[in-house]
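Take a look at the letters that make up each chain.
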There are 2 protein chains.
Amino acid sequence: MTLDPLPDTDLTRHRRLRAQGSLDRADLNAILDAGFVCHLGVLVEGRPLVVPTVYGRDERYLYLHGSVASRSLGGGTPVCVTVTHVDGLVLARSVFEHGVNYRSAMIHGEARKVTDPEEKLEGLRRLTEHATPGQWSYARRPNRKELAATTLLALSLEEASVKIRTGPPEDGDGPDAELGRWAGVLPLTSVWGAPVADPALAAETPVPEHIARREGTRYA
Amino acid sequence: MTLDPLPDTDLTRHRRLRAQGSLDRADLNAILDAGFVCHLGVLVEGRPLVVPTVYGRDERYLYLHGSVASRSLGGGTPVCVTVTHVDGLVLARSVFEHGVNYRSAMIHGEARKVTDPEEKLEGLRRLTEHATPGQWSYARRPNRKELAATTLLALSLEEASVKIRTGPPEDGDGPDAELGRWAGVLPLTSVWGAPVADPALAAETPVPEHIARREGTRYA
């Protein structure tokens, strides 16, 4: 499948560290698919508010659990959603060249409150399956009352940008290399642990396969 | 040490899920100390922009590497900085009760560009030591030119709020418990890996103790 490149607009253009920017929509999708918590930026009375929230996606939209920010989100409110995975510390010879290996996606647009019950249910399915594949078929799905009590936002994935940094520090061929100090990357890895049963659960309740199989696997 | 409680203001008041809010400044400090990447929200031409960046702190200020956002940060520009650690998925009996175990801190204020060279050096020391304790003494420190080329922001820690969720799902005593499905928490843990030497490094260069000792230790 060939994907359209990410747009080069005033909002998405990389002003700094251009080498780290990507215009590949597959990179955007990979970063979004690797995580399930984003940081949603909205304006509240003229001030920025940055709230963590869960998300899912389809090919066109990011779906966000929006209760926290919902009081600030009417029609046409500009938002910025950022998803960041930290992959390691870049430890250079000089403090100035220190940095972070990371993958980050930023999406700009106007978040829309999903009101159509069918679209809302489908959005919640995406969101649930995004965080825990297999869970939509396993857990009890939202009833009409719960659906009405849930605020779901949709944000077009059209205007997005990606930044990725990988690899060693960049002062290996400069004068600081003469210092003879160690330089490199200290990697950071996130791993799913062993499922912890709710103490209220009957002892014999088996952990379903779609949850059990994640133990020990890498996240993000 | 007794810390002042976090302030109860229009910005910090928890409007939702009040039980998850904390007014304990020690919780704020613990969340900040557990991580080194935050999400900085600023206004750019009336739109929110959320950028990941590294930080450190002292008792009164958060210090942020601010190059990405610097073109938008003059005097008195409101910002919101959020630090989030994701601890696990809360898998309930019903989709509606699903959630995330997390620790999140949000700081509101006006970011100030640090211009005094001495304060800037001290801020960079905090930032460097925050991400990699011991590194300020090991790496070459910034010279005057590098210091001038670095944008450091300071943000008062005064107006901040904290949210923490821990523990099992909350539908263990409701009608959905009768469904007999597994419910609990799938924990997520981040761990520092083995240091990866810069390929440009001479083979015999030893990994310093302050970096080597982090391997296998937990992050956040």
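Conventions and cut-offs
Residues numbered from 1 in each chain as written. Chains lettered and ligands numbered in written order. Predicted model: local features only at pLDDT ≥ 70, side-chain atom pairs only at ≥ 80, totals over all residues. Heavy atoms only, no water. Buried < 20%, exposed > 50% of the residue type's maximum accessible area, 1.4 Å probe, protein only. Helix = DSSP H or I, 4+ residues; strand = E, 2+ residues; numbered from the N terminus. Pairing = 2+ DSSP bridges. Core = buried A, V, L, I, M, F, W, Y, C linked by side-chain atoms within 4.5 Å. pLDDT = per-residue confidence, 0-100. Contact = heavy atoms within 4.5 Å. Buried area = accessible area lost by both parts, 1.4 Å probe. Salt bridge = Lys/Arg side-chain N within 4 Å of Asp/Glu carboxyl O. Polar contact = N/O pair within 3.5 Å; in protein donor to acceptor, adjacent residues only side chain to side chain. Nonpolar A, V, L, I, M, F, W, Y, C, P; charged D, E, K, R; others polar. Least-squares fit on C-alpha atoms with pLDDT ≥ 70 in both.

- Identification of chain A as Pyridoxamine 5'-phosphate oxidase family protein from Streptomyces aquilus is taken from an unreviewed UniProt entry.

### Observations regarding the pairing of strand S4 (residues 61–65) of chain B
All names here are of chain B.
Here is step 1: Summarising burial for S4: four of the five residues are buried, a large majority.
Here is step 2: Relative to S4, strand S3 (residues 47–57) is paired through three bridges, and the arrangement is antiparallel. Residue pairing in the sheet places Arg57 in a bridge with Leu62 of S4.
Here is step 3: Adjacent in sequence and paired antiparallel, S3 and S4 are bridged by three residues.
Here is step 4: Taken together, the five bridges between S4 and strand S8 (residues 152–156) define a ladder with antiparallel strand orientation. Considered in S8, the bridge of Tyr63 is made with Ala154.

### A word on the nonpolar core
Here is step 1: By size, the foremost hydrophobic cluster in this structure holds 56 residues, and its most contacted members are Leu32(A), Leu62(A), Leu32(B) and Leu62(B).
Here is step 2: In terms of nonpolar packing, the next biggest core, distinct from the first, is built from 28 residues, Ala131(A), Ile211(A), Leu91(B) and Trp182(B) among them.

### What to know about the confidence of the model for chain A
Here is step 1: Residues of chain A with pLDDT of at least 70 account for 90%, and the chain-wide mean is 90.
Here is step 2: Predicted confidence is poor over residues 15–19 of chain A, with pLDDT under 50, and the contacts of this stretch with residues over four places away or in other chains come to six contacts.

### Re the interface of chain A and chain B
Here is step 1: In this complex, chain A contributes 88 residues to the contact, which on the side of chain B involves 87 residues.
Here is step 2: Taking both sides of the interface into account, the surface hidden between chain A and chain B amounts to around 7300 Å²; carbon and sulfur atoms contribute 67%.
Here is step 3: Between Asp176(B) and Arg140(A) there is a salt bridge; the shortest N-O distance is 2.7 Å.
Here is step 4: At the boundary of chain A with chain B, the tally comes to 28 residue pairs in polar contact (both at pLDDT 80 or more).
Here is step 5: At nine residues, the largest contribution of residues to the side of chain A that touches chain B is made by strand S10 (residues 184–192) of chain A.
Here is step 6: Partitioning the side of chain A that touches chain B into residue classes produces 52 nonpolar, 22 polar and 14 charged.
Here is step 7: Here five bridges tie S10(A) to strand S10 (residues 184–192) of chain B, and the two strands are oriented antiparallel to one another. Each bridged residue has a counterpart across the sheet, and for Thr189(A) the counterpart in S10(B) is Val191(B).

### Concerning the relation of the copies chain A and chain B
Here is step 1: Mapping chain A onto chain B calls for a rotation angle of 180° and an axial translation of 0.0 Å; the resulting RMSD is 0.0 Å. Such a combination of turn and shift is consistent with a two-fold rotation axis. Across chain A, the smallest distance between a C-alpha and the rotation axis is recorded for Ser190(A), namely 2.0 Å.
Here is step 2: The share of interface residues of chain A whose copies in chain B are also at the interface is 99%, consistent with both copies meeting through the same surface.

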